[in-house]
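An overview of the molecular structure
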Amino acid sequence: MEKPTDKTAILINRLQEREREQTLILAICTALSQVLNKKDFNDVVQGILQENFQFDDFVLASSNETEKEYLLFYEFSVKASRQKNYILNDGFFDLCMNSAESVIFDLTTSDKKNPDFIQSIHKKGLKNGIGICLPYIKDSRNVLFLFYKNHVTFSRELNRILKGVAMQLSITIRNILLTEENEKTKAGLKALKSSENTAEEKDFRLQG
């Protein structure tokens, strides 16, 4: 039979654990909220995220709500992003999208039907993965995958922390995409203005 003091100690311990979790969630969300491009995002992934989730690879997949395919928004271990689309119903993206909880993937066996990025991860010796659907935001569907070399049991604590930062991750993805769109628009306007100036100079020379 537990003594009253034992129950008190357990309760205090749980409260302290939750406080640590909330402090970490706040720190991660703060770091992510300041990200506006993929370079800054990479710094956060390599820093506070890898430090706390101890993953060997980190992949963010994203799809517009109206599309039947998804792309890889970010790959931790790949410098150049794969410029290709993947079908939604591939047994990875769709499985996470249709689950309210984290999904565990066993990567110990290779399947040629798997997406090429999953096959690449398998070849690197990573044995299992965890996928979680991020909160829906602005017509965007996003899935986060964490991959590990060793078989790990994803603790309830880490799962709570991941869920605690999931919304901010979705917002950060949206912010990066908006920044990229804005930069493309600026570049397009700059190119148009330069072309117009060149045309005006040419007309001026012809008139002269």
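As shown above, the structure is provided for reference.
First, a word on what this report is: a plain description of the structure on this page. Model, not experiment: these values are computed from the prediction. The residue numbers shown here count from 1 along each chain, following its written sequence. Only residues with pLDDT of at least 70 are given local features in this predicted model, and only at 80 or more are side-chain atom pairs given and counted; all residues enter the totals for whole chains, interfaces and linings. Here the side-chain values reflect all heavy atoms present in the structure, with hydrogen atoms and water set aside.

As for the packing of aromatic side chains
Each pair of aromatic rings is reported with the distance of its centres and the angle of its planes. Let me state the cut-off plainly: Only Phe, Tyr and Trp rings take part, Trp by its six-membered ring, and two of them pair if their centres are within 6.5 Å. Stacked means planes under 30 degrees apart, edge-to-face means over 60, and tilted covers everything else. Starting at the N terminus, helices and strands are each numbered in turn, a helix being any DSSP run of H or I of at least four residues and a strand any DSSP run of E of at least two. Three exposure classes are used, based on accessible area relative to the maximum for each residue type with a 1.4 Å probe and protein chains only: buried under 20%, partly exposed in between, and exposed over 50%. The rule is short: NZ of Lys or CZ of Arg within 6 Å of the ring centre and within 35 degrees of the ring normal puts a charge over the ring.
Scanning the model with the defined rule gives 13 aromatic pairs in all. Here tyrosine 70 and phenylalanine 93 contribute two aromatic rings whose centre-to-centre distance is 4.4 Å and whose plane-to-plane angle is 10°, an arrangement assigned as stacked. Here phenylalanine 93 lies in helix α3 (residues 93-97) and tyrosine 70 lies in strand β2 (residues 69-75), a separation of 23 residues in the sequence. The pair tyrosine 70 / phenylalanine 93 is uniform in exposure class, with both members buried. One aromatic cluster is present, built from ring pairs that chain together Tyr70, Tyr86, Phe92, Phe93, Phe105, Phe117, Phe145 and Phe147. Here lysine 38 stacks its cationic end above the ring of phenylalanine 73, 4.7 Å away from the centre of that ring.

Details of the pairing of strand β5 (residues 128-133)
The test is simple: Two strands are said to pair when DSSP picks up at least two bridges between them.
Extensive coverage of β5 is indicated by the burial of five of its six residues. With four bridges joining them, strand β4 (residues 103-106) and β5 adopt antiparallel strand pairing. Of the residues in β5, the one forming a bridge with valine 103 is glycine 131. Between the antiparallel neighbours β5 and strand β6 (residues 140-148) lie six residues, among them lysine 138 with a positive phi of about 50°.

Things to note about the side chain of aspartate 94
Spelled out, the test is: Asp and Glu count as negative and Lys and Arg as positive, but His and the ends of the chain are not part of the count. Note on definitions: salt bridges are taken to be side-chain nitrogens of Lys or Arg within 4 Å of carboxyl oxygens of Asp or Glu. It only takes one pair of heavy atoms within 4.5 Å for two residues to be counted as in contact.
Here aspartate 94 shows up in helix α3. For the buried aspartate 94, no salt bridge is present, and the opposite-charge side chain at shortest range is arginine 141, 10 Å distant. If near-sequence neighbours (up to four positions away) are discounted, aspartate 94 is found in contact with Leu88 and Asn89.

Focus on the sheet that holds β6
Taken in spatial order, the six strands line up as β3-β2-β1-β6-β5-β4 in an open sheet, and their pairing is antiparallel. On the outer flanks of this sheet lie β3 (86-87) and β4, each paired with one strand and no other. Of the pairings in the sheet, the one linking β5 to β6 comprises six bridges and is antiparallel in character. In the sheet register, glycine 131 faces β6, and the bridge partner there is phenylalanine 145.

Points about the pattern of salt bridges
Tallied over the full model, the rule gives six salt bridges. Among the salt bridges present, the one from glutamate 21 reaches arginine 160, with a minimum N-O distance of 2.5 Å. Linking glutamate 21 in helix α1 (residues 4-33) with arginine 160 in helix α5 (residues 156-207), this pair joins segments that are 139 residues apart in sequence. According to the relative accessible area criterion, glutamate 21 is buried, its value standing at 2%.

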